[in-house]
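Reading the structure
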Amino acid sequence: MFRLFILGGAAFLLAGCQSAPSVAGSYRVGVGNGTEVVEVGKLALKDDGSFQMNSGQTNMSGTWRQSGDRVTFEAGGSAAQMLSTKEFKAVGNQLKPIVEGKELTHWRFTRE
């Protein structure tokens, strides 16, 4: 009986410590007013923690990391200056930009 309690407690602890689902994958870069969204590029979040994004004539790459529902980007080289928003919130199938603690609504990444 004592063993069942320990095993049950361990299962409870493991279930409570599960991390958020990974956001790795392919995304469309969308700009719009909420009802109409225009695709302006692509974002690839790779399992190895690297990313590549292209939007129009702009291509950039770097690294990303996830902590709970927050995703942070770090661009390398000259792309670092072009990546003005570095923090995003994972909401459903989207990554929404966070600036000064507020979600922006005029653009987002949507999982393909």
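Refer to the preceding data block for the structure.
In what follows, the accompanying structure is described. Computed from a predicted structure; not experimentally measured.

1. A closer look at the pattern of salt bridges
When charged atoms on two side chains of opposite charge get close, those side chains can pair. Scanning the model with the defined rule gives six salt bridges in all. Across the salt bridge formed by Glu 39 and Lys 42, the nearest N and O atoms sit 3.3 Å from each other. With a shortest N-O distance of 2.4 Å, Glu 112 and Lys 42 are connected by a salt bridge. A residue pair is termed long-range when its members are at least 10 positions apart, and Glu 112 in the segment after strand 9 (107-111) and Lys 42 in strand 2 (residues 37-45) qualify at 70 residues. When salt bridges with common partners are traced through the structure, they connect Arg 28, Glu 39, Lys 42 and Glu 112 into a single cluster.

2. Digging into the nonpolar core
The nonpolar side chains of a soluble globular protein tend to be buried with one another. Grouped together as the largest cluster of nonpolar side chains are 18 residues, with contacts concentrated most on Leu 43, Leu 45, Phe 51, Trp 64, Phe 73, Leu 95 and Phe 109. Broken down by secondary-structure element, the contributors of at least two residues to this core are strand 1 (25-32), strand 2, strand 3 (50-55), strand 4 (58-67), strand 5 (70-75) and strand 9. Setting aside its immediate chain neighbours within four residues, Phe 51 contacts Leu 43, Ala 44, Leu 45, Met 60, Ser 61, Gly 62, Thr 63, Trp 64, Phe 73, Glu 74, Ala 75 and Leu 83.

Criteria and cut-off values
Residues numbered from 1 in each chain as written. Predicted model: local features only at pLDDT ≥ 70, side-chain atom pairs only at ≥ 80, totals over all residues. Heavy atoms only, no water. Salt bridge = Lys/Arg side-chain N within 4 Å of Asp/Glu carboxyl O. Helix = DSSP H or I, 4+ residues; strand = E, 2+ residues; numbered from the N terminus. Core = buried A, V, L, I, M, F, W, Y, C linked by side-chain atoms within 4.5 Å. Buried < 20%, exposed > 50% of the residue type's maximum accessible area, 1.4 Å probe, protein only. Contact = heavy atoms within 4.5 Å.

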